[in-house]
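# Working through the structure, step by step
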Amino acid sequence: MKRIIVIGATGSIGTQTLDVLHRHKDRFTLTGMSAHTNESSLLQTAANATKSGNPIPLCLSGAVPSDDRIQYFGTDGLDRLIRETEADIVVNAAAGAAGLEPSIAALESGKDLALANKESIVMAGRIVLDLAKGNGRRVLPVDSEHAAIFSMVERFGKNNIKEVLLTASGGAFRDLPIESLSKVSLADALSHPTWSMGAKITVDSASMANKGLEVIEAARLFGLASREIKVVIHPESRVHSFIRTRDGSLYAQVSKPDMRLPILTALAWPQMLDEDVADLDPAFFPMSFRPVDYGRYPLLTLAYDALDSGEGATVAYNAANEVAVEAFMDGRLRFIDLERILAPTLEKAWPVMLADITEVIEVDKAARIVAARKVQEIE
Ligand code: NDP
Ligand code: MG
């Protein structure tokens, strides 16, 4: 029986993780979980997930709880929940840069890290992976593209991989005339063609900043140079990524777009469990591919630039994007203004290497200040 803590249990990935645990209750047991501010949802989720069993430790990381069934609260409380609760794996499904510290706490306290929070790797990939190695633990990617690549790299061996191709749906505005992008609303950006996800990542899919973050995530997780990571538009989201081996063959991982599969892959690793949520018959599910139109997705180009500039620039990319997307979601920026926040923030000279998490957080804060000033100039 593997013991699992779920961070961000009330979100899109969190609730799907609880469903996976429920479907495989002979294999996994939930030993703790957190939400940020949604207390009623945390209590309801906990009640559903532990129907017949004992109560488990709960944390509300962004508010003071009013119910004494929630013993941990605040960022310190989240850190303590992770370190003090016995578990084999922490699923980190927190949204945004705030997910970095829980990742560190999980690895430092000797747990494997099933990582949906791509920001942890974008901001501090080398530090997180070194920590895992030093503690004899694993980072198991949950992001569907990276879970696919991870499974293939583990089977073929890193030395045999020539390049990886990340698939991208192209997001909500894939087929819109570029001139119309100046008029799109938040509601338009939130109607994703294939995946149902949290709001921020859905906006990032429309701008392809999500793919940009994933290019950086792939570089750091698999030790690849930027030229070894390609992106291809695949509207149906059935191929979750390709790898090309050194002999020129292309291999793909194919399934219905259902995050429960990559979550299960990470939790079960290195074993494989029976599951059919994502089975598909290729005879009835078409799959098409086309090249990326980089003119439509300037934030993807900026991610490659950030990756080539170094570690500080990738922290700044994520921070500026979080500030810009928040302003777009609050109605303070237009969709096409996102680039006008990210590009100038990345022009600053950010450190090429970051010594430790303290420095990562310093760069994150500094980049947010630069980006927030740009938002003020435009709004
Ligand atoms: P959601 O917004 O749906 O859920 C976020 C969860 O994290 C909620 O439980 C929320 O609690 C909690 N949370 C919010 N802010 C904080 C914080 N500052 N500290 C700790 N916890 C916090 O997000 P998603 O599930 O869509 O995404 C989660 C992560 O997974 C992101 O990094 C995303 O990029 C990644 N991911 C998501 C995919 C998807 O299909 N959704 C696919 C691949 C990766 P509360 O409910 O109380 O606000
Ligand atoms: Mg993804």
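Now for a quick tour of the structure. Numbering of residues begins from 1 in every chain and follows the order in which that chain's sequence is written. Chains and ligands are labelled by the order in which they are written, letters from A for the one and numbers from 1 for the other. Reporting of local features is limited, given that this is a predicted model, to residues whose pLDDT is at least 70; pairs of side-chain atoms are given and counted only at 80 or more, and all residues count toward the totals for whole chains, interfaces and linings. To obtain the side-chain values, all non-hydrogen atoms of the structure were used and water was disregarded.

## A word on the sheet that holds strand E11 (residues 250–254)
For two strands to be treated as a pair, DSSP must find no fewer than two bridges joining them. Here a strand is any run of E in DSSP of at least two residues, a helix any run of H or I of at least four, and the numbering for each starts at the N terminus. With mixed pairing, 4 strands are arranged side by side in an open sheet as E9-E8-E10-E11. Only two strands of the sheet have a single neighbouring strand rather than two, namely strand E9 (229–233) and E11. Sheet twist, expressed as the mean angle between neighbouring strand axes with direction ignored, is 25°. One ladder, built from 5 bridges, connects strand E8 (residues 161–168) with E9; its direction is parallel. Within E9, the residue paired with Thr 167 across the bridge is Val 232. As a rule, the C-alpha atoms of each element are fitted with a line to give its axis, helices using only the stretch in contact, and angles between N-to-C directions run from 0 to 180 degrees.

## Looking at unusual backbone geometry
The step from Trp 269 to Pro 270 runs through a cis peptide bond, and the omega angle for that step is 5°. Structurally, Pro 270 is set in the loop between helix H10 (260–268) and helix H11 (298–309). Residues other than glycine seldom take positive phi values, yet Met 208 does so here, at roughly 65°. Structurally, Met 208 is set in the loop between helix H8 (199–207) and helix H9 (209–222). Residue classification places Met 208 among the buried residues on the basis of a relative accessible area of 2%. Classification of residues uses two cut-offs on accessible area relative to the type maximum, computed with a 1.4 Å probe and protein chains only: under 20% is buried, over 50% is exposed, and between them is partly exposed.

## Focus on helix H6 (residues 144–156)
Between its first and last C-alpha, H6 extends 18 Å over 13 residues, near the 18 Å set by a 1.5 Å rise per residue. By the burial criterion, the buried members of H6 are Ser 144, Glu 145, His 146, Ala 147, Ala 148, Ile 149, Phe 150, Ser 151, Met 152 and Val 153. Positive phi appears at Gly 157, one or two residues downstream of H6, with a value of about 90°. For a helix, the expected span equals 1.5 Å multiplied by the residue count minus one.

## Brief notes about the side chain of Ser 169
Its location among the elements puts Ser 169 in the loop between E8 and helix H7 (186–189). Take Ser 169: its relative accessible area is 9%, and that puts it in the buried class. Looking at Ser 169, its side chain comes within polar contact range of the main-chain nitrogen of Gly 171, at 3.0 Å. Pairs of N or O atoms are called polar contacts if they sit within 3.5 Å, as long as, within protein, a hydrogen donor faces a hydrogen acceptor (for residues adjacent in sequence, only side-chain-to-side-chain pairs). A polar contact is formed between the side chain of Ser 169 and the side chain of His 192, at a distance of 3.2 Å. Here, two residues are considered to be in contact whenever any of their heavy atoms come within 4.5 Å of each other. If near-sequence neighbours (up to four positions away) are discounted, Ser 169 is found in contact with Arg 174, His 192, Pro 193, Thr 194, Ile 233, His 234, Pro 235 and Ser 237.

## Thoughts on the pairing of strand E5 (residues 89–92)
Along E5, one buried face is formed by Ile 89 and Val 91 and the opposite face, lined by Val 90 and Asn 92, is buried too. As paired elements, strand E1 (residues 2–7) and E5 share 4 bridges and run parallel to each other. In the strand pairing of E5, Ile 4 is matched with Ile 89. With 4 bridges connecting them, E5 and strand E6 (residues 112–115) associate as parallel partners. In the sheet register, Ile 89 faces E6, and the bridge partner there is Asp 112. The β-α-β motif built from E5, the intervening helix H4 (residues 100–108) and the parallel element E6 has right-handed crossover chirality. Call a crossover right-handed when, viewed with both strands pointing away from you, the route from the first strand across the helix to the second goes clockwise.

## Examining the sheet that holds strand E2 (residues 28–35)
Backbone hydrogen bonds are what pair the strands of a sheet, in a parallel or an antiparallel way. Reading across the sheet, the 7 strands line up as E4-E3-E2-E1-E5-E6-E7 and stay open at both edges, with parallel pairing between neighbours. The open sheet has two edge strands with one neighbour each: strand E4 (72–73) and strand E7 (139–141). With 2 bridges connecting them, strand E3 (residues 58–60) and E4 associate as parallel partners. Within E4, the residue paired with Leu 60 across the bridge is Phe 73.

## Observations concerning the site of ligand 1
Here, proximity means that at least one heavy atom of the residue falls within 4 Å of the molecule or strand. Residues in close proximity to ligand 1 total 24 residues, the closest being Thr 10, His 36, Thr 37, Asn 38 and Glu 119. Within the backbone of Ser 12, a nitrogen or oxygen atom sits 2.9 Å from an oxygen atom of ligand 1. In this structure, Ala 95 approaches ligand 1 through a main-chain N or O atom, which is 3.5 Å from an oxygen atom. Areas reported here follow the Shrake-Rupley algorithm with a probe of radius 1.4 Å; residue values treat only the protein chains shown as occluding. Against a free-state accessible area of 900 Å², the protein chains account for coverage of 84% of ligand 1. For the shell around ligand 1, the secondary structure elements donating two or more residues are helix H1 (12–23) and helix H5 (118–134). Its residues assigned to classes, the shell around ligand 1 comprises 11 nonpolar, 10 polar and 3 charged. Gly is put with the polar residues, along with every residue not named as nonpolar or charged; the nonpolar set is Ala, Val, Leu, Ile, Met, Phe, Trp, Tyr, Cys and Pro, and the charged set is Asp, Glu, Lys and Arg.

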